[in-house]
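Structural overview
Letter by letter, the chains look like this.
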Amino acid sequence: MWRICFLQMTLTTTCLALMLAAVGASPAAACSPRLPDWWFTEQFAFGAGALPPNVTYASVVISHYGAGGRGFLEISNQSAIPLYLLARSDKPQEAIESLPVALPQGMIPAYKIGTGEKVTLGVENLAKLASGIQDHNQQANQRPAQVQVPGAQSAPLTLVYGDRVVEAPLTVSYTLNTTYANKSGDCAAVGLFLLPLLLLGALAKGGPFICGAALLGAVGWVAWRRWRNAERGK
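Everything quoted here is computed from the prediction, not taken from an experiment.

**Topic: the sheet that holds strand β2 (residues 55-64)**
As a general point, the strands of a sheet are linked pairwise by backbone hydrogen bonds and lie either parallel or antiparallel. Taking strand neighbours across the sheet as the criterion, the three strands line up as β2-β3-β6 in an open arrangement whose pairing is antiparallel. Two strands bound the open sheet, and with one partner strand each, they are β2 and β6 (117-121). Between one strand axis and the next, the sheet turns by 30° as a mean value, whatever way the strands run. Direction of pairing for strand β3 (residues 67-77) relative to β6: antiparallel, over a ladder of five bridges. Considered in β6, the bridge of I75 is made with V119.

Here it is in structure tokens:
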């Protein structure tokens, strides 16, 4: 009898090791939780004629670590003159470089956009560049059905273009994130699926069959979740 128990426990341990290797080689990789989506999507707009020639912008939506819906401001420079974004700071040593232009008091160059380059900024970055911009987005599960969308914010973004200091009025507005979905980590679902099968594999005579079914089920589950996450992030 003890030999049978030993063989069954060995089979269970081997089965668990194979499943962890199949879904990511470690428990952390197999059961990494998904970050909640953002409740709102930011959109950005500059005033007409606010940006220098051949400097353009766009609002883009980027997903990070499975968290979708957040908007970012993308500024591109196709001119031959570098564009600098200024930030408020009382530490001049943090400036990325010195400029031969008289800058507003308490501001330093924070970003440089050369010819053919672009920079992507979130609201948390813009809050350091434009006084009056604050981050009103939320990242959590269970978004209320009647959630109130934050109001728009406007503030000037200070630029240096050649020998000119430019105040470009920027507006940040919010809309509901249309791809929002409640999420949970893979750990609970995989664990609830595998635990009964592992126990059966340890106790039942058909341990090899149950172990194989659990292994195939775990691989299929994680593959489906990763495919669905990739599709949502497109």
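**Structural notes on the pattern of salt bridges**
What the rule picks out here adds up to five salt bridges. For R70, the salt bridge goes to E42, with nearest N and O atoms at 2.8 Å. Note that R70 is positioned in strand β3 and E42 in strand β1 (residues 40-46), a separation of 28 residues in sequence. Taken individually, R70 and E42 each receive the classification buried, so the pair is uniform in this respect. E97 is paired through a salt bridge with K112; the nearest N and O atoms lie 3.6 Å apart. Placement of the pair is E97 in the loop between β4 (83-88) and β5 (107-113) and K112 in strand β5, with a sequence separation of 15 residues. Looking at E97, the relative accessible area reads 30%, which means it is partly exposed. A single salt-bridge network, built from bridges that share partners, covers E42, R70, E124 and D135.

**What to know about unusual backbone geometry**
Even without glycine at this site, N54 takes up a positive phi of about 65°. Here N54 is to be found in the loop between β1 and β2. Despite not being glycine, Q142 has its phi angle at roughly 60°, a positive value. Here Q142 shows up in the loop between α3 (123-129) and β7 (153-161). Here Q142 falls in the exposed class, since its relative accessible area comes to 60%.

Conventions we followed
- Position numbers for residues count from 1 along each chain, tracking the sequence in the order it is written.
- Only residues with pLDDT of at least 70 get local features here, since the model is predicted, and only at 80 or more are side-chain atom pairs given and counted; chain-wide, interface and lining totals rely on the full set of residues.
- Values reported for side chains reflect all heavy atoms of the structure, with hydrogen atoms and water molecules removed beforehand.
- At least two bridges found by DSSP between two strands are what make those strands a pair.
- Think of it this way: any DSSP run of H or I at least four residues long counts as a helix, any run of E at least two long counts as a strand, and we number them from the N terminus.
- Here the axes come from fitting lines to C-alpha atoms, over the contacting stretch only for helices, and the angles between their N-to-C directions go from 0 to 180 degrees.
- Think of a salt bridge as a Lys or Arg side-chain nitrogen and an Asp or Glu carboxyl oxygen that are within 4 Å of each other.
- Under the scheme applied here, a residue whose accessible area is under 20% of the maximum for its type counts as buried, over 50% as exposed, and between as partly exposed, the area being computed with a 1.4 Å probe on protein chains only.

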